[in-house]
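Close look at the chain arrangement
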Amino acid sequence: MTMISGLMLWRLVVTCVYLPTELIGKWISDMINWGLDLLFHLPAYTVEFLALNSKPLLQVLILPGLAFVLVFAIIAVWFERKFLARAMLRVGPYYCGKKSGVLQVFADFLKLFMKEIIVPEGIDFLFFAAMPILVSTVPAMALILIPFDQNWVLWDIGSLSMPMFFAIAGLAPLIPIFAGWAANNKYTFIGAFRVAYMYISAEIPLVLCGAAVAIMAGSFDLLKIVEAQKSMWFAVPQFVGFVIFFLGVIIEAERTPFDIPVAEVELVLGWRTEYSGILFGFTMMAEYVLFQAWSLLFITLYLGGFNGPNIFGNITLSHIFWLLVKFVILVVLIILIRCVFPRLRLDQMLKLGWRYMTPLAVINLALVLVMKLGGIY
Amino acid sequence: MSEPEIKPDIMRMSWGPQHPMSGQTRILLDVDGEKVHRIIADLGFTHRGIEKTLENRTFFQGIIPIERMVMADTANIGLGYITAIEESLGIEVPERANWIRSLLCEMGRINSHLYAFGLQAEATGYFPAVFLWTTTDRTVLLKLFEELTGARWSYNFSLPGGVYKDLPEGFEAKVIEGVHYLRRRFEDYWTAMVENAVFEARCDNVAVLKPEDAIRLGATGPVLRGSGVALDVRKDEPYAAYADLDFDVITEPACDVMARTKVRFKEIGQSLRIMEQIANEVPGGPVRTRVPLIPRSKPGEVLSRVETARGEMDVHMFTDGGSNPYRVKIGSPTLRNMYVFERLAELDEVLMADIPVVINSIDPWYLDSDR
């Protein structure tokens, strides 16, 4: 009895100790084998990965992704400075980069990068510093929904794409509000509340206009909306919505005459006042990213999206080309507005939003319904 | 300055002196959201003791510090002091010198109003295009100043007993050329500012100052005339050559910020008209009478009034028989208009965003109000 029990005890000990050891040892040796395998075959795996995922990678890194956002911000800043300088009888940036001043943007970025980040006393630094980074990255997320061609959509979610765009872009105004609050300053505080007032009054007509477009196209899918505009751009039957959405793009991008939250003559720099160095750089970039996302949506909804004649022989390339051409024209137009208009006051802007844009957007929606039900369109 | 108490639920904001638009003063605003309940102007940041400095200078030496009061408008400011000296010492001025003084004053007035437009455009949030246009067009005047006086700014050209030098040869033709150029440019400014829909929205019916309030609070210059009160020292008590010149006193009935801007616009038109008249009809003769370099005054007091670009400036000079003034008291236009500005939030609803527009509508020059 004792012998048996002693043997059983021994077996128990062996099972409890040896077995896990063996398992762990096997796991470790597997890991080592796998690591060595990865090490020796890394180039082959990379090639295979790239071959399988080349298009999404290209999209993430180049077209609607990183390079497009950065290059647009750089060129837009340079162009805006040169162009507005002409309106002011000046020359603009001149010395950096062979008299065109194009390197000035890089120089400014480098300067912002080197500068000290001044932190106001008694604030939550992480929250304070996170906001400028979020404010430039969240609107960039909305870019993944924009179709550049039937085969060039980074995140094709079918009929959810337009609601998703409004959802992602609708997050953007929350961040300036938090940023203005986080900085614990009177100017940023008032600027933050101006953001809140302004976006609420602008986004309701924008969503109503988007709904009208969706009804006319018969789908919330941005791709189908673009396809529905092959014969005629929606800017023609929905001219009212077109004008409202155009104003909405300027409001969402906080550009003149609606740069009310950052009005420098009364609020120093609104919700951006306390940011310095690269954090300020991020807030500047946010303006252009928002501008980019909303203008691309505007083109997709009203100006025929990527539709255009096939001039390169390659249909995808031509589509991308036409979308970018429309985008550039829109950008120049919106920048031109900056040098001919002063800034509206907040109450005037709210009056515009609630008293004119929202009722007109409802009328636009009703007109589209009549057109759709009457079978005109 | 001891700060007045703040009511509950009101936020006090400091607008200046490090604020981008405030110039060199500090304005405290009691705001409830966007609405401004109270404006408190905290002046004195640029006090330089010019009045005291004048007591320690001879009459001639005093011309230099007094012109530092308003750099954009030195001809008018300097003339106020010089006419006081002339009254005190009993000096006669030749007619031609008076006409040249008027020419200089009107050019200075345009120069100053151009600066005011630029700032007004910037205050409404105009991207600095208009500011740079006005600055560029000011060079036309600055070149004329340079040719006439030798300096672009702060030309101590008017002296007791006349002006320093006669007009250079062919100067009249250049004045007329400049007048034509500026007339053409003012059509652009009128389109870019007064007829711009957004500018109109920002300035119409903002900070209404009724005529009775303007008189009660002691407004002066374009602020008073923008409220519809025709008061101009050039007409009421003509100095220099203004009695012989043909011009109108501009008034606007609207009483708001836009009215003050329009008054400045139209005053420039009148100034150009005066410049043209002077260039065509300036009489001949000497430009200066002989005055001893260190004149002795008689004991007494004199008061001289001039209409500067910002309004009426008074120089109240006491003399005790020495070579220096005993006391000079300067009533500066900006200080008078700052009292009006402080009350504007009580008289009419003023929003936070209106503050830069309203303060630039009185065209402040803080070196003038602080002296």
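Coordinates for the structure precede this section.
If you're wondering where the values come from, they're calculated on a predicted model, not measured in any experiment.

What to know about the overall build of chain B
When its secondary structure is counted, chain B shows 14 helices and nine strands. Relative to the globule expectation of 21 Å for 371 residues, the C-alpha radius of gyration of chain B, 21 Å, shows essentially globular dimensions. Taking the principal axes of its C-alpha atoms as reference, chain B extends roughly 65 × 50 × 35 Å. Long-range pairs, those at least 24 residues apart, make up 70% of the contacts in chain B between residues at least 6 apart in sequence.

Description of the interface of chain A and chain B
Contacts between the two partners involve 24 residues from chain A, matched on the other side by 27 residues from chain B. Elements with a minimum of two residues in the side of chain A that touches chain B: α2 (66-87), α7 (186-217), α10 (264-267) and α13 (346-373) of chain A. Considered class by class, the residues forming the side of chain A that touches chain B number 14 nonpolar, two polar and eight charged.

Comments concerning the sheet that holds strand β9 (residues 350-351) of chain B
Residue and element names in this part refer to chain B. One open sheet accounts for four strands, arranged β1-β2-β3-β9; its pairing is antiparallel. Of all strands in the sheet, those bounded by a partner on one side alone are β1 (11-15) and β9. Across two bridges, strand β3 (residues 35-42) lies against β9 in antiparallel orientation. When the sheet's bridge partners are listed, Val36 is paired in β9 with Val350. Contacting β3 and β9, helix α12 (residues 333-347) crosses the sheet at an angle of about 160° to β3.

Section: the packing of helix α5 (residues 129-149) of chain B against helix α6 (residues 171-194) of chain B
All names here are of chain B. Following both chains from N to C, one finds α5 and α6 inclined at 170°, their axes separated by 11 Å at the closest point. With respect to α6, the axis of α5 lies roughly antiparallel. In this structure, α5 uses Val130, Asp137, Val140, Leu141, Leu144, Glu147 and Leu148 to contact α6, whose residues at the interface are Phe171, Lys174, Val175, Gly178, Tyr181, Leu182, Arg185, Ala192 and Met193. In terms of residue class, the contact of α5 with α6 is made up of eleven nonpolar, one polar and four charged.

Examining unusual backbone geometry
All names here are of chain A. For the bond running from Thr256 to Pro257, omega is 0°, close enough to zero to count as cis. Here Pro257 lies in the loop between α9 (239-252) and α10. The phi angle at Val268 is positive, at roughly 60°, despite the residue not being glycine. Here Val268 shows up in the loop between α10 and α11 (278-302).

Parameters at a glance
- Residues numbered from 1 in each chain as written.
- Chains lettered and ligands numbered in written order.
- Predicted model: local features only at pLDDT ≥ 70, side-chain atom pairs only at ≥ 80, totals over all residues.
- Helix = DSSP H or I, 4+ residues; strand = E, 2+ residues; numbered from the N terminus.
- Rg over C-alpha atoms; globule rule 2.2 N^0.38 Å.
- Contact = placed C-beta atoms within 7 Å.
- Nonpolar A, V, L, I, M, F, W, Y, C, P; charged D, E, K, R; others polar.
- Pairing = 2+ DSSP bridges.
- Axes fitted to C-alpha atoms, helices over the stretch in contact; angles between N-to-C directions.
- Parallel < 35°, antiparallel > 145°, perpendicular 65-115°, else oblique.

Treat this as a map of the structure, not an account of what it does.
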